[in-house]
Amino acid sequence: MKYKVASKEKKNKFISLYYKIEGGKIKRVLPFCDRCGPGFFMADHGNRYTCGHCGFTKYKSARNLGKASNEKDYSSD
Ligand SMILES: [Zn+2]
């Protein structure tokens, strides 16, 4: 039996853009777009992810952003 291995390297390289194998398990590196749903990967832009399909931006520290919202109190005094 013969196996085709010609495109193996190329294929792995492509997959590594979106998936990472850790401890024998495949981990998804990039998140899916909240708007477009599963199948639409978001691009990594450092501190945020952006969907190239709809333009949706998702901040990596979204949890912290919501927590650290500066609520200025203008009603004081
Ligand atoms: Zn999208």
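Note that this is a predicted model, so its numbers are computed, not measured. (Residues numbered from 1 in each chain as written. Predicted model: local features only at pLDDT ≥ 70, side-chain atom pairs only at ≥ 80, totals over all residues.)

In this section: the environment of glycine 46. Inspection of the secondary structure puts glycine 46 in the loop between β4 (37-44) and β5 (48-51). The sequence separation of glycine 46 and lysine 60 amounts to 14 residues, and the corresponding C-alpha distance is 8.5 Å. (Helix = DSSP H or I, 4+ residues; strand = E, 2+ residues; numbered from the N terminus.)

Take the sheet that holds β5 next. In spatial order, the strands read β3-β4-β5-β6; together these 4 strands make up an open sheet with antiparallel pairing. This sheet does not close on itself; its edge strands, each paired only once, are β3 (32-33) and β6 (57-59). For β5 and β6, the ladder comprises 3 bridges, and the chain directions are antiparallel. When the sheet's bridge partners are listed, threonine 50 is paired in β6 with threonine 57. (Pairing = 2+ DSSP bridges.)

With that settled, consider the environment of threonine 50. Checked against the element boundaries, threonine 50 lands in strand β5. A count of 15 C-beta atoms within 10 Å places threonine 50 in the partly exposed class. Taking the C-alpha atoms as reference, threonine 50 lies 9.7 Å from proline 31; in sequence the two are 19 residues apart. Apart from residues lying up to four places away in sequence, threonine 50 is in contact with Met42, Ala43, His45 and Thr57. (Buried ≥ 20, exposed ≤ 12 C-beta atoms within 10 Å, placed from the backbone. Contact = placed C-beta atoms within 7 Å.)

Quick look at the pairing of β5 now. When β4 meets β5, the two strands line up antiparallel, connected through 3 bridges. Bridging across to β5, aspartate 44 finds its partner in tyrosine 49. Between β4 and β5, which pair antiparallel and follow one another directly, the connecting turn spans 3 residues, one of which, glycine 46, has a positive phi of 85°. Turn length for the β5-β6 hairpin, with the two strands adjacent in sequence and antiparallel, is 5 residues, and the turn residue glycine 55 shows positive phi of about 85°.

Turning to the pairing of strand β1 (residues 19-22), a few remarks are in order. Across 4 bridges, the pairing between β1 and strand β2 (residues 25-28) is antiparallel. Residue pairing for β2: lysine 20 is matched across the bridge by lysine 27. Here β1 folds back onto β2 in antiparallel fashion, the turn holding 2 residues, of which glycine 23 has a positive phi close to 60°.

Note that every value here comes from positions in space, so none of it alone points to a role or purpose.
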